[in-house]
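Each chain, letter by letter, is given below.
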Amino acid sequence: MTLKTPSRSLVRTLQALMPQASIAILHERPWHSLTFSGAQICLSVALPITAAEQRSAFAQLLEDHEFSLPSQLIADIAITDAAILGGQYRLIIHALLLED
């Protein structure tokens, strides 16, 4: 049985937008304020090192895309780190998802 978590919904959505990317969940933890509940999520995204135009397109996509996740709102999503490792361009993405 596959567990449905906010991070898995986000990964499926990002994977559909960037099928050539390899996306892994680094961590997901509950998040709460006085008025909202949700999850903080950290993802690793690997792209081929030759995909310079894809990297910039992905960054632009995160800024402009209106995500539609079941029962979730993306309050914040950003690339927080980038590096070339093992022949791939790796991005670290942090997101804050709120329960709708």
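To be clear, the structure that these remarks concern was listed above.
Values in this document were obtained by computation on a predicted structure and should not be read as measured data.

Engineer: Looking at this model, I keep getting lost on the side chain of S44. Mind explaining?
Structural biologist: Along the chain, S44 turns up in strand 2 (residues 37-48). Given a relative accessible area of 10%, S44 falls into the buried group. If we ignore the near neighbours within four places in the chain, the residues touching S44 are S22, I23, A24, L26, R90, L91 and I92.

Engineer: Honestly, the pairing of strand 1 (residues 22-32) in this entry has me stumped. Any pointers?
Structural biologist: When a strand is regular, its side chains alternate between the sheet's two faces. Both strand 1 and strand 2 contribute to a ladder of 10 bridges, which runs antiparallel. Bridge pairing links H32 to S37 in strand 2. The turn linking strand 1 back onto strand 2 is made up of four residues.

Engineer: Is there a simple way to think about the pairing of strand 4 (residues 88-99) in this case?
Structural biologist: Judged from the 11 bridges that link them, strand 2 and strand 4 form a sheet pairing that is antiparallel. Counterpart to L43 in the pairing with strand 4 is I93. Taken together, the 12 bridges between strand 3 (residues 72-85) and strand 4 define a ladder with antiparallel strand orientation. Pairing of I79 across the sheet is with I93, part of strand 4. Following strand 3, the chain reverses through two residues before pairing antiparallel with strand 4; G86 in that reversal takes a positive phi of roughly 55 degrees.

Engineer: Even after reading the chapter, I still don't get unusual backbone geometry, so can you show me in this structure?
Structural biologist: Leaving glycine aside, a negative phi is the common case for residues, and trans is the common case for peptide bonds. Despite not being glycine, S71 has its phi angle at roughly 60 degrees, a positive value. Structurally, S71 can be placed in the loop between helix 2 (52-64) and strand 3. Of the residues examined, S71 reaches a relative accessible area of 52% and is grouped as exposed.

Engineer: Would you mind going over the nonpolar core with me for this structure?
Structural biologist: In a soluble, globular protein the nonpolar side chains are often hidden away together inside. Formed by 21 residues in total, the largest nonpolar core has its most connected members in L10, L14, L43, V45 and F58. Elements represented by at least two residues in this core include exactly helix 1 (6-17), strand 2, helix 2 and strand 4. The contacts of V45, once residues within four sequence positions are left out, are A21, S22, I23, F58, Y89, R90, L91 and I93.

Parameters and conventions
- Residues numbered from 1 in each chain as written.
- Predicted model: local features only at pLDDT ≥ 70, side-chain atom pairs only at ≥ 80, totals over all residues.
- Heavy atoms only, no water.
- Helix = DSSP H or I, 4+ residues; strand = E, 2+ residues; numbered from the N terminus.
- Buried < 20%, exposed > 50% of the residue type's maximum accessible area, 1.4 Å probe, protein only.
- Contact = heavy atoms within 4.5 Å.
- Pairing = 2+ DSSP bridges.
- Core = buried A, V, L, I, M, F, W, Y, C linked by side-chain atoms within 4.5 Å.

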